[in-house]
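# Coordinate inspection notes
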Amino acid sequence: MTFEYSPAPESKSIVKIDKEYGHFINGKFVKGKNHFATINPATEEILSRVANGDRGDIDKAVAAAQIAYSKVWSKLSGAERGKYLYRIARILQERAREFAVLETLDNGKPIRETRDTDIPLVAAHFFYHAGWADKLDYVGLGKSPKSYGVVGQIIPWNFPLLMLAWKIAPALAAGNTVVLKPAETTPLTALLFAEVCQQAELPAGVVNIVTGAGETGAALVNHPGIAKIAFTGSTEVGKAIARAIADSKKVATLELGGKGANIVFEDAAIDQAVEGIVNGIFFNQGHVCCAGSRLLVQENIADEVVKKLQNRMEKIRVGDPMDKNTDLGAINSKAQLDKIKDLAAAGSKEGGEIWSPKCNLPQNGFWFAPTIFTGVTQAHRIAREEIFGPILSILTFRTPSEAIEKANNTPFGLSAGIWSEKGSKVLWAAGQLRAGVIWANTFNKFDPASPFGGYKESGWGREGGRHGLTGYLKAGK
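What comes next is a walk through the structure.

Rules of the game
Residues numbered from 1 in each chain as written. Predicted model: local features only at pLDDT ≥ 70, side-chain atom pairs only at ≥ 80, totals over all residues. Heavy atoms only, no water. Pairing = 2+ DSSP bridges. Helix = DSSP H or I, 4+ residues; strand = E, 2+ residues; numbered from the N terminus. Contact = heavy atoms within 4.5 Å. Axes fitted to C-alpha atoms, helices over the stretch in contact; angles between N-to-C directions. Expected span 1.5 Å × (residues − 1). Buried < 20%, exposed > 50% of the residue type's maximum accessible area, 1.4 Å probe, protein only. Core = buried A, V, L, I, M, F, W, Y, C linked by side-chain atoms within 4.5 Å.

Once that is clear, we can look at the sheet that holds strand E5 (residues 45-51). With mixed pairing, three strands are arranged side by side in an open sheet as E1-E5-E4. Only two strands of the sheet have a single neighbouring strand rather than two, namely strand E1 (20-21) and strand E4 (35-40). Of the strand pairs in this sheet, E4 and E5 are connected by six bridges, and their pairing is antiparallel. Looking at E5, one finds that Phe36 is bridged to Val50. Sheet strands touched by helix H3 (residues 96-107): E4 and E5. Its angle to E4, the strand with the most contacts, is close to 105°. Contacting E1, E4 and E5, helix H6 (residues 188-199) crosses the sheet at an angle of about 60° to E5.

A separate point is the sheet that holds strand E13 (residues 294-298). Taken in spatial order, the seven strands of this open sheet run E14-E15-E16-E13-E12-E17-E18, and their pairing is mixed. Strands at the two margins of the open sheet, each flanked by one partner only, are strand E14 (353-355) and strand E18 (437-440). Across the sheet, the mean angle from the axis of one strand to that of its neighbour is 20°, orientation sign disregarded. Note that strand E12 (residues 261-264) and strand E17 (residues 415-419) share four bridges and pair parallel. Among the inter-strand pairings, Ala261 is bridged to a residue of E17, identified as Ala416. Contacting E13, E14, strand E15 (371-374) and strand E16 (391-397), helix H10 (residues 302-313) runs over the sheet at an angle of about 165° to E15.

A separate point is the environment of Ile372. Inspection of the secondary structure puts Ile372 in strand E15. Separated by 77 residues in sequence, Ile372 and Leu295 place their C-alpha atoms 9.7 Å apart.

If you check H3, its first and last C-alpha atoms are 16 Å apart, about what twelve residues at 1.5 Å a residue would give, namely 16 Å. Judged by how many residues are buried, H3 sits mostly within the fold: ten of twelve residues are covered. Buried within H3 we find Glu98, Phe99, Ala100, Val101, Leu102, Glu103, Thr104, Leu105, Asp106 and Asn107. For H3, the elements touching its buried residues are E4, E5, helix H2 (78-94), helix H4 (111-132), helix H5 (160-173) and H6.

As paired strands, E1 and E5 are joined by two bridges and run parallel to one another. Bridge pairing in E5 links Glu20 to Arg49. The turn joining E4 and E5, which pair antiparallel and follow one another in sequence, is formed by four residues; a positive phi near 70° is taken by Glu44.

By size, the foremost hydrophobic cluster in this structure holds 105 residues, and its most contacted members are Phe126, Phe193 and Leu309. At eleven residues, H5 tops the list of elements feeding residues into this core. Sequence-distant contacts of Phe126, that is, excluding residues within four places in its chain, are made with Leu85, Ile88, Ala89, Leu92, Ala165, Ile168, Ala169 and Phe193. Judged by nonpolar contacts, the second largest core, of 28 residues, contains Leu296, Leu337, Leu343 and Phe373.

What follows is the structure, given as structure tokens:
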């Protein structure tokens, strides 16, 4: 028996999108000089035109943040700062549906994910860090740790509002002020968050948002008034930032790329593992730095796992992100779609066997069907490079030691998953894996109290939890 799902579209009426946006500096929206279009990747419809910030805009934002830091924010007690964070968290909850719809329109991810995952986690991060604001003596940096001052923050397009929360909430709790640059393809929820700052009556200049492309981000990184950089994005850009600040006193938190290994041992609960595999790679169209994009399956169960995975993939609903039934939405941009197609072609050319379920992709917008490759070796590009899309590379192993060796054979070290019914095997494997975040019999589970970050080319530092908060503080007495 086959069940058909009737369309269940979410209304767009709750969201008001202006035709043109400027920057948010010193508590007010200011006009920009030049503008670029931000589009809905599911339809290619222009949603708005957003200001393209230059060095002058960054100068104004940093100056506003410096004044706010020296005259207001640094003089407030932790309890008072916490009140503002609590207020922001509550407003985010009150306007959760509005943020979820706008995030889906600007990003392309399914409304079910923005509604049930992204926005609740955003509010949770502000609630969590609000609780820390008056307890900084217990962070682990001694008594009365000090804030840095003005922090420059650059966020990616895959989780726009969630990455904003990961950055802004701990920075403010620690007593810093912020200049944030959102990704050029997904700036709208950051600009809506600016309205929340106004609604919460956050002191002017504590949060400043300057939109733009790579040149805007470079101006922020290189500005002498910035004491710390927090960046989430590609490893290549992260390396460029590290080089740019190498001869300065700036510190950095860099959360970069990944090529996560999802390891399924022969004693795993296979049906449960298949659900975890699907969530690990197809959640958010695979636009996840910690995605389980390499599946390592023990050889004697590989055929069974692949067959069950294919059956499960045939039930994935691809289509309109605004439909509440949709499982896999649109690719965020044409540039990202071209990269995914290029790596998929390389996978086939190098001998991998490609398989995708039958699905009718929309004519307009940027789409790619959920895809797996079997017959993959460690020499394949799709096993080595971060694809950042809904493509899973499947490799096999015979012994646990071989699984660990293959999992660690990567320049990245952000995440890994282990599937086994033996706790001793899970703990042994976790101790051998060189990854910052390791899930056992699950995948892609997050909590504000849990630190997130990687090894090797996956970045420096941690975000979330007490460990993430220390990145915004200097040691006290």
